[in-house]
Amino acid sequence: MSYRLSNDHIHKDLQGRSSYDADVIIAGSGPVGMAYARTILEKSPSATVLMIEIGSQDDPVVGEHHKNSIKFQKDIDAFVNVIKGALQSVSVPPADTYIPTLVGDSWTPPVNKDGSSSLIFQGSNPNQIREKNLKASAMTRTVGGMATHWTCACPTPHPEEIVNNPIPKAERDELYVQARKLLNVHNDQYDKNAKGDDISIRHNVVKKTLLDNLPQERNVQSLPLGVERRRDNPAYVTWTGANTVLGDQAKLLGTKRFTLKTETRVTRLVPDEIDPKKINGMLLRNLKNDKDELVTARAYVITCGAIGTPQILANSNLAGSIPALGRHLCEQSIAFCQIVMKNEIIDYIKKNPDWQARIKAHHDKHPKDPLPIPFADPEPQVMVPYTSKFPWHTQIHRDAFSYGDVGPRADARVVVDLRFFGRQEVLEKNRVYFAGDSSLKGEWVAGSTDIYGMPQATFEVERSQKDKINDQRMMKDMCEVASLLGAYLPGSNPQFMDPGLALHITGTTRIGKDPNSSVADPSSCVHAFKNLWVGGNGCIPDSMGANPTLTSVMIALKGAGAILDFLKTES
Ligand SMILES: Cc1cc2nc3c(=O)[nH]c(=O)nc-3n(C[C@H](O)[C@H](O)[C@H](O)COP(=O)(O)OP(=O)(O)OC[C@H]3O[C@@H](n4cnc5c(N)ncnc54)[C@H](O)[C@@H]3O)c2cc1C
């Protein structure tokens, strides 16, 4: 029996009895969900918001960035394991299950008629074609979403990266200003303090080396980040999390105006039986007791990430009526390497008169340390932005990711990471689809739910010849930039990372004017519905090298404005 059918049963069992009624229900508690919540709570004096999150609340502060712990500020490599633990794969083909050393009387998967042998274990996806997978693509299920671990890079896209966005430029520029405020974006937290002293030796030396050696047109600059130095101790910083975006509206949490339900799955939307343009309810499952519940609102917003959002729409049986759902998918390629800084650069640090007092204080305390870099010196955070001639985004910095820890291989102070993000051409055929949606003609196959019981996501994504040529040029550029700074750290030689690792999927619920090639209108309201909105990176209709969150928050701010107007007209 299909999942969708059983949902219908659930809905009928509940006999339309709503356990909660709000003005707005927001699915997902990441930075985009919080941008909606904040705007609606702040600008409407009475609106009530119910937020539903499938993950648990892992930090005492709702949605806080885990890297704000002093533990990780002292030891960035330890954070690599936090990220690894936070990422749950989207689509995993069944493993090769033949274990030649499994002998004796143990169970082995039977051989299929065609001679193959495969075991579908829970969460694996038998429909996934390996060559078309975004193998490293993952979701993070926790209060605060991926913003509990993100790098916080918030560059503004180059005009060539915003060609399909239907929001007029002047309006966009204004919304970007607001989005930067919500994400607390700064690009000076590693440069100079109020007294004019350099904050970070490493940052300033990396930036200077690139400024001195790359042509001016490369526009080397500090990486804009959602970050602010702590006032009580400037050695540490506060990274932007979903809590930063929510701001002081957090005070309403737990009051009648703002309720957050955690470990609760949004299963699907229930359209109105008479008015096909209206969503009438949302079906939830409490994951702790496995009980279903129906909640109702005047407006619904789905901000569950670029996979989770179309997944809910597909499970609501809407894939057939939204032809662009999951399509036009773009993901960035990542070229990566780590270098150990050149002797020449270390000598320059040693001799720079501006840093002498700091170096002396460090050596007085640690006379045996051969490096002229204090242990607490902040990491470099530099970017070489996208340009027409070099159409990729670069981060020349030091950060935890799910890879690239330095471990005992080198002194972390002399290691610099280079991450170059390449675009993918916007093509309708690149897509994610969901088991049970119209493209599978409603067929129900074993193993076609993910571990949360939602329809399994399957990728069909390929890089075009244009993408491949661009990737090749990007890799060459990365190697040239790396050679200005030092030699490759063994084990971190130049390499392309697994597809999907950027975690920057866009396009799956893209905004636009045409219902055939987009899912939602310029205000993120789903075409053909009057009270359903979508948010997140999936709404971005363009191919970008830049990190997407700033743009997604910018788009969400317009959507939240549209909901406020909707609430007024409907009341
Ligand atoms: C290692 C790493 C580094 C990154 N670095 C950057 C960077 O430097 N710059 C940048 O712009 N971006 C970066 N990102 C990506 C960035 O974190 C995301 O773009 C951003 O968090 C997206 O916000 P969102 O609110 O749309 O989605 P998310 O943050 O993914 O939040 C979605 C929420 O929805 C919940 N959810 C999903 N399905 C359901 C359901 N069925 N029911 C209820 N809830 C559900 C999830 O649990 C999650 O909490 C990085 C991510 C990672 C992991």
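What counts, and at which threshold
Residues numbered from 1 in each chain as written. Predicted model: local features only at pLDDT ≥ 70, side-chain atom pairs only at ≥ 80, totals over all residues. Heavy atoms only, no water. Pairing = 2+ DSSP bridges. Helix = DSSP H or I, 4+ residues; strand = E, 2+ residues; numbered from the N terminus. Phe/Tyr/Trp six-rings, centres within 6.5 Å; stacked < 30°, edge-to-face > 60°. Buried < 20%, exposed > 50% of the residue type's maximum accessible area, 1.4 Å probe, protein only. Lys NZ or Arg CZ within 6 Å of the ring centre and 35° of its normal. Near = heavy atom within 4 Å. Polar contact = N/O pair within 3.5 Å; in protein donor to acceptor, adjacent residues only side chain to side chain. Contact = heavy atoms within 4.5 Å.

**Q** If you had to explain the sheet that holds strand S7 (residues 225-229) to someone new, which residues and values would you point to?
**A** Read from one edge of the open sheet, three strands run S5-S7-S8, paired in antiparallel fashion. Looking at the sheet topology across the chains shown, the edges are occupied by strand S5 (185-186) and strand S8 (237-239). Looking at chain direction, S7 and S8 are connected through three bridges and run antiparallel. Each bridged residue has a counterpart across the sheet, and for Arg-229 the counterpart in S8 is Val-237.

**Q** Tell me about the packing of aromatic side chains, and please be specific about residues and values.
**A** Per the counting criterion, the structure on display carries six aromatic pairs. An angle of 65 degrees between the planes, with centres 5.0 Å apart, marks the rings of Phe-72 and Phe-79 as edge-to-face. As far as burial versus exposure is concerned, Phe-72 and Phe-79 are alike and both buried. Plain terms: the ring middles of Tyr-348 and Trp-355 are 6.1 Å apart, the flat faces sit at 85 degrees to each other, and that makes the pair edge-to-face. Relative accessible area serves as the criterion here: at 32%, Tyr-348 is assigned to the partly exposed category. Put simply, the rings of Phe-336, Phe-401 and Tyr-403 touch in pairs and so form one group of aromatic residues. In this structure, Arg-218 is placed above the aromatic ring of Phe-390, and the distance from its NZ or CZ to the ring centre is 3.7 Å. For Arg-229, the ring lying beneath its charged end belongs to Tyr-190, and the centroid distance is 4.8 Å.

**Q** Go over the site of the ligand with me, naming the residues and quoting the values.
**A** Around the ligand there are 37 residues in total, and Glu-53, Met-146, His-149, Asn-537 and Thr-549 lie nearest to it. At 2.9 Å from an oxygen atom of the ligand is found a main-chain nitrogen or oxygen belonging to Ala-153. Within the side chain of Thr-549, a nitrogen or oxygen atom sits 2.7 Å from an oxygen atom of the ligand. Those elements that provide at least two residues to the shell around the ligand are helix H2 (31-43), strand S10 (264-271) and helix H8 (305-315). It is S10 that contributes the most residues to the shell around the ligand, three residues altogether.

**Q** Account for the environment of Tyr-236, naming residues and giving values.
**A** Inspection of the secondary structure puts Tyr-236 in the loop between S7 and S8. On the accessibility criterion, Tyr-236 (15% relative accessible area) is buried. Sequence spacing of Tyr-236 and Gly-500 is 264 residues, and the spatial spacing of their C-alpha atoms is 31 Å. Excluding residues that lie within four positions of it along the chain, Tyr-236 makes contacts with Ile-70, Gln-73, Lys-74, Arg-229 and Arg-230.

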